[in-house]
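# Notes for the structure review
Spelled out from the first residue to the last, the chains are:
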Amino acid sequence: MNRTATILPLLLVLGFGIAFPSWAGSYTLIVGLLLCQWIALTASWTLCGGLAGYISLGHVVFFGIGGYTSMLLWQVVPLWIAVPAGGLAAGLFALLIGAPVLRVRGPYFVILTLGIAELVKYLVLLSEKELGKSSRLIFGVPSNETLYWALLALATLAIVILLIVRETRLGHGLIALRDDETAAATVGVPVARYKLAAFTLSAIIPGMVGALMVLRSAYFDVTQLFNAEISFAIVTMAIIGGRDDPRGAVLGAGLLLLISEFLWARAPQIYLILLGVLLIGFVLFLPRGLAGLLSRRGKAS
Amino acid sequence: MDHIFSGQLLFSALVLGSLYMVAALGLNLVYGTLRLLNVAHGDLAMLGAFTAFWCFTLLGLSPLLSLPLAAGLCALAAWLVHAGLLTRGPLAARAFDGEVLQRLEANSLLIFIGLSVILQNVAALAFTGSPRAYRYLDGVIEFAGVSMTGHRLAALTIAAVIGLAALAILHFSRYGLAIKAMIESPMAAEVVGIDVRRFRLGALMTGFALAGVAGGLISMSEQISPFMGFPVTIASFIVIILGGLGNLRGGMAAAFMLAFVQVYGVALTSPSYASVLLYGVFVGALLLRPEGLLARRVASR
């Protein structure tokens, strides 16, 4: 793999991201914040869904657990503790459920993760109801600029982790087990441990992102926090961008955010229909995504 | 807790179980013969439900008469999926290559997730997202101390007839035996001279049509909405996982078991536990059978 072709564009994007708030207006800052959110979520998802080939369609569960944790801790502890606490909670949850869940393979894993996310959503909804707290207000939320810097840091961290893991034994092991799990186990890859590591690692940053995003609005709503559409958007962004490539998260998140800015407010249904069409089209005809297209063109010239 | 032993709950559980049975019968046919994990199954039921709804509200047509129309529409959808996805394009080679079918990867599931999202949002765009209902046969019949509404009794009767007919066809007709052989082993079925391709299209159309009928039956007694499909899909999956692939009697037992768990579980707690029970059983079933739907087949060898 050509490292400069991967890292150089990413560094350029990062430089742009650092310079961005100095000229961005309040609306564009929110767009930037959302872009960082999606890049962080998609790049983390790629660790498990891309490298190991375990496609999670329930990644919102980590986002939600992180958000719920930080909402409960908010105003008890400062932001810089609430956010890692959200990541920790999500990571612990992944670690706990990982061993049994990762025994389920292929398409069954996909629907299982979807089911788990819905189950946790309804459990949280139930416990909020039992507590008599069907809706909560959050006071003293941080400014959009603070959120932007934190999310930019998380997006960068997610991509750096992805770049590092790909170069290590863990990354090579994951790619080997994606191609053939039995063969990988035979040549000595600790399959179960590697899968659990990838699954847990891919949960932590989404937990922290959720911990930040829940503080974006003053109104707390469980169904919004655990919305299955978030999981669907993550998978679609990863597939469209290219799940084999660290640039994929940036490309996929960028393209879909652009479409969503045009359509979401006016016609959310059309946005989701388009997402479905793009997902089907890319799975069928461009399984390596936009990044794969770039690599192919790079080689041809 | 007297009401736990009342006939009323028993009747509710029987009605729900029979609806699950019809829906799962369709999924069983499609998965059994094509190894296609159709996550859009419940959305076809949604299509059937809206067909019955509009026929009743606009044309005054009894749901009993619009059921064949719902079935026909879904069968047409099956034909379109077959023509557009399974006989051309990158899926075609995989979908019709004998035993390769058995290892249908997670990717193909993503295609049907995309289809499901498209169906839901097209319906939401066309009919708005708000739940709807109509009043049909809502006279109450008293029998053995149980008051049964006409529409639920009708739904139960039709579902029972479909279930018994399916059992008879599968066990006694040539068509049914061919389907059973294909579920057992597509390759062996081809060797003994079954026209596998033709039967696959037939099974796909019948399976989709059954989903449409199930939706029409659901619309008779419950509120319908563009997003009603996912729980139906999940319930059908539970029934096949627990009942066994291609095992109709096992499937029937599992459908009624799930319905009893849900109805009695809710009666003992509160309605807010309904979703928790459904997804809880689903996650539990998949964790107990990590091989998914093929577990029983493999185990019985």
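Residues numbered from 1 in each chain as written. Chains lettered and ligands numbered in written order. Predicted model: local features only at pLDDT ≥ 70, side-chain atom pairs only at ≥ 80, totals over all residues.

## Describing the overall build of chain B
- Looking only at helices and strands, chain B features 13 helices and two strands.
- Each of the 301 residues in chain B was classed as buried or not, and the buried ones make up 49%.
- In chain B, the share of contacts with a sequence separation of at least 24, taken over all contacts with a separation of at least 6, comes to 76%. (Helix = DSSP H or I, 4+ residues; strand = E, 2+ residues; numbered from the N terminus. Buried ≥ 20, exposed ≤ 12 C-beta atoms within 10 Å, placed from the backbone. Contact = placed C-beta atoms within 7 Å.)

## Thoughts on the overall build of chain A
- A tally of regular secondary structure across chain A gives 14 helices and two strands.
- Scaling as 2.2 N^0.38, a compact globule of 301 residues should have a C-alpha radius of gyration of about 19 Å, and chain A matches this with 19 Å.
- C-alpha atoms of chain A, sized along the principal axes, occupy 55 × 45 × 35 Å.
- Each of the 301 residues in chain A was classed as buried or not, and the buried ones make up 50%.
- Within chain A, contacts between residues at least 6 apart in sequence are counted, and of these 79% link residues at least 24 apart. (Rg over C-alpha atoms; globule rule 2.2 N^0.38 Å.)

## Looking at the interface of chain B and chain A
- Across the boundary between the two partners, chain B contributes 35 residues, which contact 33 residues of chain A.
- Secondary-structure elements contributing two or more residues to the side of chain B that touches chain A are α4 (90-95), α5 (106-127), α10 (229-243) and α12 (274-288) of chain B.
- The element contributing the most residues to the side of chain B that touches chain A is α5 of chain B, with 14 residues.
- When grouped by side-chain class, the residues that make up the side of chain B that touches chain A number 26 nonpolar, eight polar and one charged. (Nonpolar A, V, L, I, M, F, W, Y, C, P; charged D, E, K, R; others polar.)

## Description of the confidence of the model for chain A
- Here chain A shows a mean pLDDT of 90. Residues at 70 or above account for 97%.
- Helix α14 (residues 289-300) of chain A is the least confidently modelled element of chain A, averaging 79 in pLDDT, while helix α9 (residues 191-213) of chain A averages 96, the highest of any element. (pLDDT = per-residue confidence, 0-100.)

## Quick look at unusual backbone geometry
- Positioned with a positive phi, Q75 of chain A is a non-glycine residue whose angle comes to about 75°.
- Summarising the element assignment, Q75 of chain A is placed in the loop between α3 (60-73) and α4 (79-101).
- A tally of 11 C-beta atoms within 10 Å means that Q75 of chain A is categorised as exposed.
- The phi angle at T128 of chain B is positive, at roughly 60°, despite the residue not being glycine.
- Structurally, T128 of chain B can be placed in the loop between α5 and β1 (140-143).
- Taking the number of C-beta atoms within 10 Å as the measure of exposure, T128 of chain B has 12 and is therefore exposed.

## Regarding the environment of F282 of chain B
- Its place among the elements puts F282 of chain B in helix α12.
- The contact partners of F282 of chain B, leaving out residues within four places of it in the chain, are G115 of chain A together with I234, F237 and I238 of chain B.

## With respect to the pairing of strand β2 (residues 146-149) of chain B
Residues and elements named next belong to chain B.
- As defined by bridge partners, β1 adjoins β2 across four bridges and the pair is classed as antiparallel. From the neighbouring strand, F143 faces β2, where its bridge partner is V146.
- Two successive antiparallel strands, β1 and β2, enclose a turn made up of two residues, where A144 displays a positive phi of approximately 50°. (Pairing = 2+ DSSP bridges.)

## Here's the deal with the confidence of the model for chain B
Residues and elements named next belong to chain B.
- Of all residues in chain B, 89% have pLDDT values of 70 or greater, and the mean over the chain is 83.
- Mean pLDDT across the elements of chain B bottoms out in helix α13 (residues 295-300) (44) and peaks in helix α2 (residues 41-59) (93).
- Within the model, the stretch residues 96-103 combines pLDDT values under 50 with 12 contacts to residues more than four positions away or in other chains.
- For this predicted complex, the interface confidence score (ipTM) comes to 0.90, while the overall pTM stands at 0.91.

## Observations regarding the packing of helix α6 (residues 150-172) of chain B against helix α9 (residues 196-221) of chain B
Residues and elements named next belong to chain B.
- Look at α6 against α9: their axes get within 8 Å of each other, and the N-to-C directions meet at 160°. In terms of orientation, α6 lies roughly antiparallel with respect to α9. As for how α6 packs across α9, the hand of that crossing is left-handed. Of the residues in α9, those in contact with H151, R152, A154, A155, I158, A159 and I162 of α6 are V213, L217, M220 and S221.
- Among the residues forming the contact of α6 with α9, the class breakdown is eight nonpolar, two polar and one charged. (Axes fitted to C-alpha atoms, helices over the stretch in contact; angles between N-to-C directions. Parallel < 35°, antiparallel > 145°, perpendicular 65-115°, else oblique. Left-handed = near helix turned anticlockwise from the far one by under 90°.)

## Observations concerning helix α2 (residues 26-51) of chain A
Residue and element names in this part refer to chain A.
- Compared with an ideal rise of 1.5 Å per residue, which puts 26 residues at 38 Å, α2 spans 37 Å between its outermost C-alpha atoms and is within 8% of the ideal.
- Along α2, the helix axis deviates most sharply at W45, where the bend reaches about 40°.
- After α2 finishes, the residue G53 shows a positive phi value of roughly 75°. (Expected span 1.5 Å × (residues − 1). Bend = angle between axes of the 7 residues up to and from the residue.)

## Some details on the packing of α3 of chain A against α4 of chain A
All names here are of chain A.
- Between α3 and α4, the least distance of the axes is 8 Å, while the angle of their chain directions is 135°. When the interaxial angle is binned, α3 and α4 end up oblique. Remark: the crossing between α3 and α4 carries right-handed chirality. Here F62, I65, G66, G67, T69, S70 and L73 of α3 come into contact with α4, specifically with A82, V83, A85, G86, G87, A89, A90, F93 and A94.
- Looking at the contact of α3 with α4, its residues break down into 10 nonpolar, six polar and no charged.

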